[in-house]
Amino acid sequence: MYNIAIVGASGLVGGTFLKVLEERNLPIKNLYLFASTRSAGKKVIFKGKTLIIEELTEKSFDRKIDIALFSAGGDISKKFAPIANKKGVIVIDNSSAWRMDKSVPLIVPEVNSEEIFKNEGIIANPNCSTIQSVVPLKIIDDLYGIKRVIYSTYQAVSGSGIKGMEDLKRGLVGEEAKTYPHPIVNNCLPHIDSFLENGYTKEEEKMINETRKILNKKNLPITATCVRVPVLNGHSISINVELEKEVNLEELRDKFKEAKGIVFRDDIGNNIYPLATEATGTDEVYVGRLRKDFSIEKGLNLWVVADNIRKGAATNAVQIAEILMKKK
Ligand SMILES: NC(=O)c1ccc[n+]([C@@H]2O[C@H](COP(=O)([O-])OP(=O)(O)OC[C@H]3O[C@@H](n4cnc5c(N)ncnc54)[C@H](OP(=O)(O)O)[C@@H]3O)[C@@H](O)[C@H]2O)c1
């Protein structure tokens, strides 16, 4: 049995950690919940028991904790993950604070679970859009070799946490936007996270760098346009891939059908393709609209959808925790 902590327990990802830990019935002896002073004292039900959220302080890890799941933003992770490590706690971090650190494994269990044990201090969970993209990309790369990737994302407001969902709800009743710089209702905003000097956004940069790290292809040419759309939950991504070898669509369809963690939804005759409404509340990556890109010699298009709070955050981190527990 393990002692687990959740940092950011009152948030969207934190609340989903609680659900996923309960659903997957992890062997938990004690579960400790932390957030800021705003949520300290709030009650949460876990497996029928009432737990109280505590304020996160430098003393929070002065007790026996095996694994801490962090989802309280980059600044909190930067400050508190090393403090937790010093007390012997393994941190699985959802923020972007440690993802590109060379000593920190960046893990999607379906793709590179063998890397987990390279550092048992901090293990990073990738960005939500990256997680769902690399699951099918790894299969494509193993079969045909990826030469270039073009990402175009359609990201739900839940990706901005509770405040993003509130902005969409406010907009739907005619109130002004507070979270986004423009109304999200009736708009697609080509702007996720802040702009960089080169014209990209940080979200786009994260997808590019994290994909290269996870697929272990340092110089892979990748470009991305990340767009916030008025969808409550579930990110959709159009992925265009240039390949070394000609794709065999039949073979690839069969691989996707049997792949762990993928639901293959590709029956255009019956209007079946991946949808955010179907992916929401589930842990799989939905793949479909598979077709050759005839504008280049060896190209492929696909449409990939997942629940960004579950597989894009909480479920992926809990899967990492399960692998750590199995080893011990
Ligand atoms: N939403 C997604 O799709 C997604 C996907 C992948 C990764 N992530 C990452 O996960 C993290 C949380 O995202 P979210 O969507 O769950 O955000 P959220 O709903 O806004 O929740 C933020 C959480 O952080 C806590 N927090 C804020 N300041 C704190 C402080 N000073 N000390 C302790 N706790 C503090 C909040 O506690 P209070 O209630 O006390 O304020 C809350 O529990 C972010 O790093 C985000 O980038 C999110």
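Residues numbered from 1 in each chain as written. Predicted model: local features only at pLDDT ≥ 70, side-chain atom pairs only at ≥ 80, totals over all residues.

Points about unusual backbone geometry
Note the cut-off: Helix and strand assignments come from DSSP, with helices taken as H or I runs of at least 4 residues and strands as E runs of at least 2, each series counted from the N terminus.
Even without a glycine there, the phi angle at Asn216 is positive, about 55°. Considering the arrangement of structural elements, one finds Asn216 in the loop between α6 (202-215) and β10 (222-228). Even without glycine at this site, Arg289 takes up a positive phi of about 50°.

Details of the site of the ligand
Put simply, the test is: Throughout this description, a residue near a molecule or strand is one whose C-beta atom, derived from the backbone, lies within 6 Å of it. Each domain span listed reflects an automatic or database assignment of domains.
As a matter of local geometry, the ligand sits amid 28 residues, with Gly11, Ser36, Ser39, Ala72 and Gly161 nearest to it. Listing elements by their share of the shell around the ligand, those giving two or more residues are α1 (12-23), α2 (74-86) and α9 (310-327). In terms of residue count, α1 provides more of the shell around the ligand than any other element does, three residues in total. When we break the shell around the ligand down by domain, the ones giving at least three residues each are domain 1 (2-126 + 313-327) and domain 2 (129-308).

Notes on the nonpolar core
Inclusion rule: By convention the nonpolar core is taken to be a set of buried residues drawn from Ala, Val, Leu, Ile, Met, Phe, Trp, Tyr and Cys and joined through C-beta atoms within 7 Å. Labels follow a simple rule on C-beta atoms placed from the backbone: if 20 or more others lie within 10 Å of a residue's own, it is buried; if 12 or fewer, it is exposed; otherwise it is partly exposed. Throughout, a pair of residues is in contact if the C-beta atoms placed from their backbones lie within 7 Å.
Grouped together as the largest cluster of nonpolar side chains are 90 residues, with contacts concentrated most on Val7, Ala68 and Leu69. Examining the composition of this core, we find that seven residues originate from one element, helix α4 (residues 128-144), more than from any other. Taken domain by domain, the makeup of this core includes at least three residues from each of domain 1 (2-126 + 313-327) and domain 2 (129-308). Contacts of Leu69, omitting those with residues within four sequence positions, involve Ile4, Ile6, Phe17, Ile92, Ala317 and Ala321.

Some remarks on the sheet that holds β10
Filter applied, for reference: Strands were regarded as paired on the criterion that DSSP finds at least two bridges between them. Only the contacting stretch of a helix is used when fitting its axis, a line to C-alpha atoms as for every element, and angles between N-to-C directions run 0 to 180 degrees.
In space, the six strands of this open sheet follow the order β10-β9-β11-β14-β13-β12, with mixed pairing throughout. If you trace the sheet from one side to the other, it starts and ends with β10 and β12 (262-264), each paired once. Taking each pair of neighbouring strands and ignoring which way they run, the sheet shows an average axis angle of 20°. Bridge count for strand β11 (residues 235-243) against strand β14 (residues 299-306) is eight bridges, and the pairing is antiparallel. Bridge pairing in β14 links Asn240 to Asn301. This element, α4, spans β9 (146-155), β10, β11, β12, β13 (285-292) and β14 of the sheet and lies at about 30° to β11. Seen against the sheet, helix α7 (residues 249-258) touches β12 and β13 and runs at an angle of roughly 180° to β13.

Observations regarding the environment of Asp267
The residue Asp267 is located in the loop between β12 and α8 (276-279) in this model. Distance from Asp267 to Gly288, taken between C-alpha atoms, is 8.1 Å for residues 21 residues apart in sequence.

Let's talk about the packing of α4 against α7
For clarity, the threshold we go by: Oblique is the label for every angle not falling under 35 degrees (roughly parallel), over 145 degrees (roughly antiparallel), or within 65 to 115 degrees (roughly perpendicular). Should the near helix be turned counterclockwise from the far one by less than a right angle, the crossing is left-handed, whereas a clockwise turn marks it as right-handed. Polar here means any residue other than Ala, Val, Leu, Ile, Met, Phe, Trp, Tyr, Cys and Pro, which are nonpolar, and Asp, Glu, Lys and Arg, which are charged; Gly is therefore polar.
Between α4 and α7, the least distance of the axes is 11 Å, while the angle of their chain directions is 135°. Taken together, the axes of α4 and α7 lie oblique to each other. In the packing of α4 onto α7, the handedness of the crossing is right-handed. Along the contact surface, α4 presents Pro136, Ile139 and Leu143, while α7 presents Leu252, Lys255 and Phe256. Residues belonging to the contact of α4 with α7 are distributed by class as follows: five nonpolar, no polar and one charged.

Topic: α9
Where we set the bar: The length a helix should cover is 1.5 Å for every residue beyond the first.
In this model, α9 (18 residues) spans 23 Å end to end at C-alpha, consistent with the 26 Å of a helix rising 1.5 Å per residue. When α9 is considered as a whole, its buried residues turn out to be Arg310, Lys311, Gly312, Ala313, Ala314, Thr315, Asn316, Ala317, Val318, Gln319, Ile320 and Ala321.

A look at the sheet that holds strand β5 (residues 54-55)
An order of β5-β2-β1-β6-β7-β8 is seen for the six strands of this open sheet, with the pairing classed as parallel. At either margin of the open sheet sits one strand with a lone partner, and together these are β5 and β8 (122-124). Pairing of strand β2 (residues 28-35) with β5, which is carried by two bridges, proceeds in the parallel orientation. Following the sheet pairing, Ala35 is matched in β5 by Glu55. Sheet strands touched by α2: β1 (2-7), β6 (67-70), β7 (90-93) and β8. Its angle to β7, the strand with the most contacts, is close to 160°.

Here's the deal with the environment of Thr315
Positionally, Thr315 belongs in helix α9. Using a count of 26 C-beta atoms within 10 Å as the deciding quantity, one classes Thr315 as buried. Each C-alpha atom, one on Thr315 and one on Glu205, is 23 Å from the other, the two residues being 110 residues apart in sequence.

Overview of the domain arrangement of the chain
Split into domains, the chain comes out as domain 1 (2-126 + 313-327) and domain 2 (129-308). The C-alpha-based centres of domain 1 and domain 2 are spaced at 25 Å. Contacts between domain 1 and domain 2 engage 14 residues on the former and 17 residues on the latter. Elements with a contribution of two residues or more to the side of domain 1 that touches domain 2: α3 (109-112) and α9. Classifying every residue of the side of domain 1 that touches domain 2 gives seven nonpolar, five polar and two charged.

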